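# Notes for the structure review
For reference, the chains in residue letters:
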Amino acid sequence: MNPLQKLAASALCAIFVLMVLATFLLPTPYARQFRDIPNADPSTAHPLGTDALGRDSLSRLLYGTRVSLLLAPAAALLSTMIAALLGSIAGLLGGWFERIVLAATDLSLALPWLFLLLVVRATLPLDVPPFVSVVIAFLMMGLLGWQAPIRVICAAARGVRDSDYLLLARSSGCRPARLLLGHVAPNLRPLFYVQFFISIPLFILTEANLSILGLGVMEPMPSWGNLVRGFEDFSTLAASPWRLVPLILLVIVVMCFQLVLPSQEVTQ
Amino acid sequence: MIRRVWFVLALNLAFCWPALVSAQAPGQSGGELHFCLRAEPKTFNPLLVEEDASETIRYLTGGVLIRLNRQTQALEPGLAVSWKVSEEGRKISFRLRSGLHFSDGTPFTSEDVAYTMKALMDPQLHSPTGDSFRSGDGQVVVQTPSSDSVVVTFPAPVAGLERLFDQVAVLSAHSPKKETAVLGPFYVADYSPGSYILLRRNANYWKKDKEGKSLPYLDSVRLDFQRNRDIELLRFRRGEIHLINTLDADYFDRLQKETPAAVHDAGPGLDSEFLWFNQVSSAPLPENKKTWFRTTEFRKAISMAINRADLSRIVFGGHAHPAFGPVSPANHFWFNSSLPIPQYDSAGALRLLAQAGFRLQGGTLRDSSGNRVEFTVITNSGNKSREQMVAMIQQDLSQIGIKANLVTLDFPSLIERITRTYDYEACLLGLVNTDLDPNSQMNVWLSSAENHQWNPKQSKPATAWEAELDRLMQAQSSATTEKKRKSDFDKVQQIVADQQPFIYLVNKDAMSAISPVIRGSSPSVLDPHAFWNADVLRLGPDPALGAQK
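A brief report on the enclosed structure follows.

### Section: the packing of helix α1 (residues 3-20) of chain A against helix α3 (residues 57-93) of chain A
Packed helices, taken two at a time, are described by their axes: the angle between them and the distance between them. Residues and elements named next belong to chain A. The interhelical angle for the contact between α1 and α3, taken along N-to-C directions, is 110 degrees, at an axis separation of 8 Å. It follows from the interaxial angle that α1 and α3 lie roughly perpendicular. α3 is crossed by α1, and the crossing has left-handed handedness. Contacts between α1 and α3 pair Ile15, Phe16, Leu18, Met19 and Val20 from the former with Leu62, Thr65, Arg66, Leu69 and Leu70 from the latter. Of the residues contributing to the contact of α1 with α3, the split by class is 8 nonpolar, 1 polar and 1 charged.

Written out as structure tokens, the structure is:
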């Protein structure tokens, strides 16, 4: 592990520790409104100032980190696993199975998912607890986010299908399951990681958009998504640059993930 | 010989030119007013107007018999010099201005008014403006005793009859241009779908200024279609447009920091934000919740527990005022000034709840059966101020042990729930009110009405106070004097304040942005806020720059 990787790993560890200990570290409850000081500048009582309703921005950032950093990777893992499984099998087997999987992917990409999400929201009861609503939102993202990675993974699996080592494994009597798990998947693992890490920021931002449909994280619960949504009022950022902290944290986390884990795979 | 004729003609022109110029465009300052419409108008037929963009075109181009002054809220003569309402509001007689012409030169006579009224009341046309005049079964009779007088007789009394004519733009009975021949200050000269509408000065407009100069001063008005409010704001900052008719609080504050002289807060407008509980008996809700929502003390306690002053100050940056009831104080005549000022009193709310059998246990409010008091408020997604209002209400209600959840829904889903399935508990929405007269609220207060949101389309009133609302609304609509109407509608407001079927939260201020280069502007609380007096607006030097636009 080079120094940069060590730095990235340390940063990630620090963020995870902060996330886990958020409950004990929160200066004030994330939903509490200090109505006398909305949009306040940083102070000792509120190190990152307050938001438009007077809520402590640091508390909201720490709690939002917990929500997003737990659920977005979970959704990314789910979608990457679906894509990895179907894409690898399709690429390895080829033929009619590959055609069916790719046709299903094309069909899935062509579907207006927005309307499906609206239907899902319409069928859900309104009195779903906020945390359950968040879990449902991320679960749906995980279940619906496999289309883009599957094409990449399928193409890569197709590339290794006629490789010498697979030919050797086949001639040694390896069954398809063993070919897949023992030979194809390990060779595609860096690709899986890349797809996984690409998906995390995507899902964090998708969550922000889903909340517009009433599916994401609802007030007063914070998430990186709805904290980033606060940047709609771009003109205020110049006067109060500390509001950029959630975005900076998001960038740092994504960069750290990409620095640490894929490099480990390369060095193996 | 020909040379001599040319010489005489040239000599005549030389002597007469100054007189001709002053006759053609006396006092006209020229210039093109530029602003944005947030959607394309759906129609240019003034009788079919039902949305903002078409209404703007109708306002700027249509000539009306009687005009409501947006600032004084008084009725003023338009195409009619005088009018008289008789037979208890069934009949109205107009005396028209003589010698007027439509924009295409067609003369204006009483026949045009008769033609307009017949078209307006034609059931085949389905005119939303005409619906306001329908008072009972039977035909509307229009008589034209002379070319400058018209008598319109309705089958039954129409409350606030003369005020309704502010919406009726007179059409030409004889012009081949039909609705594009107008009597207002401007006419539609060019329309580029998806891009803009160009209105040009109507040289035949009847109105003159105090010095006898023809109005309007402006040469033209260019209306660009722009849905995106950020882009509209950017264009205003760049000086590409001269006004923004309606501003939100955050845009107002942003602009105020840059150009304080350009933003105008005319005070509380007619728009209100309110919350209501679902009281529909067939709603798919637990019985205990239905019971809470139907309890007057519960609704009044919620109303008392909401800090409206904080909502106004924080969510709207001080550009809103706590709402008293269904009528904003901006509506000078119809507002019931004896209504109590809404007070934030969580202790009082708890006392009311205790009277209704609720009790606070360990910071949680429970009903008489021990159920925790918790409900979900829905509102339309993408509306930041409403989401913030609910977040603040959540904290206010937590002070009395109530847990309120927020769910934002896309607008069609929300409408589906509040009008068809009734699968919701509470809803926070706003009302954009453009009409001062309470008759426009009949579809809200009558228990049989579709917009009686807390319990719509009742076959008979579910409660005694709703029956009383029905009676009072019917009475005010058929009353012959304004005083009696006012008295009845004051009682309606009092009942609404006592029963809180709608918990009114705030009245948003009427805010607009007007470039300093515009002269003669005088923003009003009534719509159109920024250009209600478009005929006297003119472009002048920007005092800040000292330059001629």
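### Some remarks on a nonpolar patch on the surface
Residues and elements named next belong to chain A. Side chains of Val17, Leu18, Val20, Leu21, Phe24 and Leu25 sit close together on the surface and give an oily, nonpolar patch of about 570 Å² of accessible area. Residue assignment for the nonpolar patch shows that the elements contributing at least two residues are α1 and α2 (22-25). The element best represented in the nonpolar patch is α1, accounting for 3 residues. Note that valine 17 resides in helix α1.

### Some details on the nonpolar core
Residue and element names in this part refer to chain B. Ranked by size, the top nonpolar core spans 56 residues in total, and within it Leu247, Leu275, Phe298, Ile302, Phe375, Leu397 and Leu505 carry the most contacts. Here this core gets 6 residues from one element, more than from any other, and that element is helix α12 (residues 384-398). Those residues in contact with leucine 505 that lie beyond four places of it in its chain are Glu273, Phe274, Leu275, Ile306, Arg308, Leu311, His321, Pro322, Ala323, Met389, Ile393 and Leu428.

### Re the pairing of strand β17 (residues 403-409) of chain B
All names here are of chain B. By the criterion of burial, β17 is predominantly enclosed, with 6 of the 7 residues buried. In this sheet, β17 lies alongside strand β16 (residues 374-380) in parallel orientation, the contact comprising 7 bridges. Residue pairing in the sheet places glutamate 374 in a bridge with lysine 403 of β17. Read as a crossover between parallel neighbours, the route from β16 over α12 to β17 is right-handed.

What counts, and where the lines are drawn
- Residues numbered from 1 in each chain as written.
- Chains lettered and ligands numbered in written order.
- Predicted model: local features only at pLDDT ≥ 70, side-chain atom pairs only at ≥ 80, totals over all residues.
- Heavy atoms only, no water.
- Axes fitted to C-alpha atoms, helices over the stretch in contact; angles between N-to-C directions.
- Helix = DSSP H or I, 4+ residues; strand = E, 2+ residues; numbered from the N terminus.
- Parallel < 35°, antiparallel > 145°, perpendicular 65-115°, else oblique.
- Left-handed = near helix turned anticlockwise from the far one by under 90°.
- Contact = heavy atoms within 4.5 Å.
- Nonpolar A, V, L, I, M, F, W, Y, C, P; charged D, E, K, R; others polar.
- Patch = residues over 30% accessible without salt bridge, like charges linked within 9 Å, V, L, I, M, F, W, Y side chains within 5 Å.
- Areas by Shrake-Rupley, 256 points an atom, 1.4 Å probe, with all protein chains shown as cover.
- Salt bridge = Lys/Arg side-chain N within 4 Å of Asp/Glu carboxyl O.
- Core = buried A, V, L, I, M, F, W, Y, C linked by side-chain atoms within 4.5 Å.
- Buried < 20%, exposed > 50% of the residue type's maximum accessible area, 1.4 Å probe, protein only.
- Pairing = 2+ DSSP bridges.
- Right-handed = clockwise from strand over helix to strand, strands pointing away.

Shape descriptors only; they carry no functional weight alone.
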